[in-house]
Structures are given as C-alpha cells and as structure tokens.
Amino acid sequence: MEPCRDRELKAREYLEKHKIMELLNLLTSALLFFRPRKPRDYLIATLERLRIAQVTGVSFPIFMDNTNIVAMFEMMDSSNRGIISFVQYKEALKSLGLCSENEVLKDDGHVITLEKFRKEVDKRFQAIWSAFNNT
C-alpha cells in the first residue's frame, strides 16, 4: 500500500473510532442553529459541557430543548396543520447534524407530527451521546 493511502486510511479509521466527524457535525449544527454572538466561546463551553457530562456520567447536555424543537417544526409547518412532509423531516435532521447525507431514511407514507419529530430528534441525540461515552 502506498504511504499516502496508508496515512489516509489510518486517519479515516482514527476519525471513525473516536466519532470525530459526528462530533463536528453536531457542533456545527448547534452553532448554526443558535448563532451565538461569540461562536468560539460557545464551542468551548459546549465541549466543556460534553466533557463534564462524560466524566460525571450525567445525561447528555441537550443542545436543543423542547422549545427549540417546536420552533423548528413550526417553521417547517407553514400552513399550521401540525404536520410536515418526509422531505422536510429528513432535511431538518440533516441540518441538525442528526442524519448523514448517505443515510437512507425510509418514508413509511405517514405524515410527520411534532411528537414524532421530537422523539426522533431526542433518540438521535441520545445515540450520538452514547457513541461519545464509549470513546
């Protein structure tokens, strides 16, 4: 194997092992969602919250509380019908860093309600957090 390809493979394995890309996606999504006045301070504080939660074993420090999830859902539900389309649902998960470009989500034909959206966001945040706890 070429030295360059070997280094690339080792780098990719390292990033996957430590869930670095997932962490960066999560941080970037939170940064773009909240748009803090001091982004570096926000990122440092967020990483510190993650570290403290990991060390102490407390639950994942949720970046989005219920009001944020409701606000996002309501922005997508412009007709106030209480539902969003599957396409909107998938794009929202992507914009939150909770769904990769390559992930295939199955459209079961049902509309997405606020409750379903909230449960999926919570479930995916918890999955990310458990991955960080194991690294």
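Details of the structure are given in the entry above.
Here the structure is a predicted model, which is why all the values come from computation and not from measurement.

**Concerning the overall build of the protein**
Per the secondary structure count, the protein includes 6 helices and 2 strands. Going residue by residue from the N terminus, the α and β elements of the protein occur as α-α-α-α-β-α-β-α. Residues classed as buried in the protein amount to 32% of the 135 residues present. Sequence-distant contacts in the protein: of pairs separated by 6 or more residues, those separated by 24 or more amount to 64%. Accessible surface for the protein amounts to roughly 9,200 Å². Of this, 55% is attributable to carbon and sulfur atoms.

**A closer look at unusual backbone geometry**
Positive phi, close to 45°, is recorded for arginine 35, a residue that is not glycine. Mapped onto the elements, arginine 35 comes out in the loop between α2 (20-34) and α3 (39-56). Despite not being glycine, asparagine 80 has its phi angle at roughly 55°, a positive value. By the element assignment, asparagine 80 lies in the loop between α4 (66-76) and β1 (83-84). On the basis of relative accessible area, asparagine 80 is assigned to the exposed category, the value being 67%.

Thresholds, definitions, all that
- Each chain has its residues counted from 1, running along the sequence as written.
- Reporting in this predicted model follows two pLDDT cut-offs: at least 70 for local features of residues, and 80 or more for side-chain atom pairs to be given and counted; totals over whole chains, interfaces and linings ignore these cut-offs and use all residues.
- Hydrogens are left out, water is left out, and the side-chain values use all remaining heavy atoms of the structure.
- In this description a helix means any DSSP run of H or I spanning at least four residues, a strand means any run of E spanning at least two, and both kinds are numbered starting from the N terminus.
- When accessible area is computed with a 1.4 Å probe and restricted to protein chains, residues below 20% of their type maximum are described as buried, those above 50% as exposed, and intermediate ones as partly exposed.
- Contacts between residues were defined by any pair of non-hydrogen atoms, one from each residue, lying within 4.5 Å.
- Computed by Shrake-Rupley with a 1.4 Å probe, the accessible areas treat only the displayed protein chains as cover when residues are assessed.

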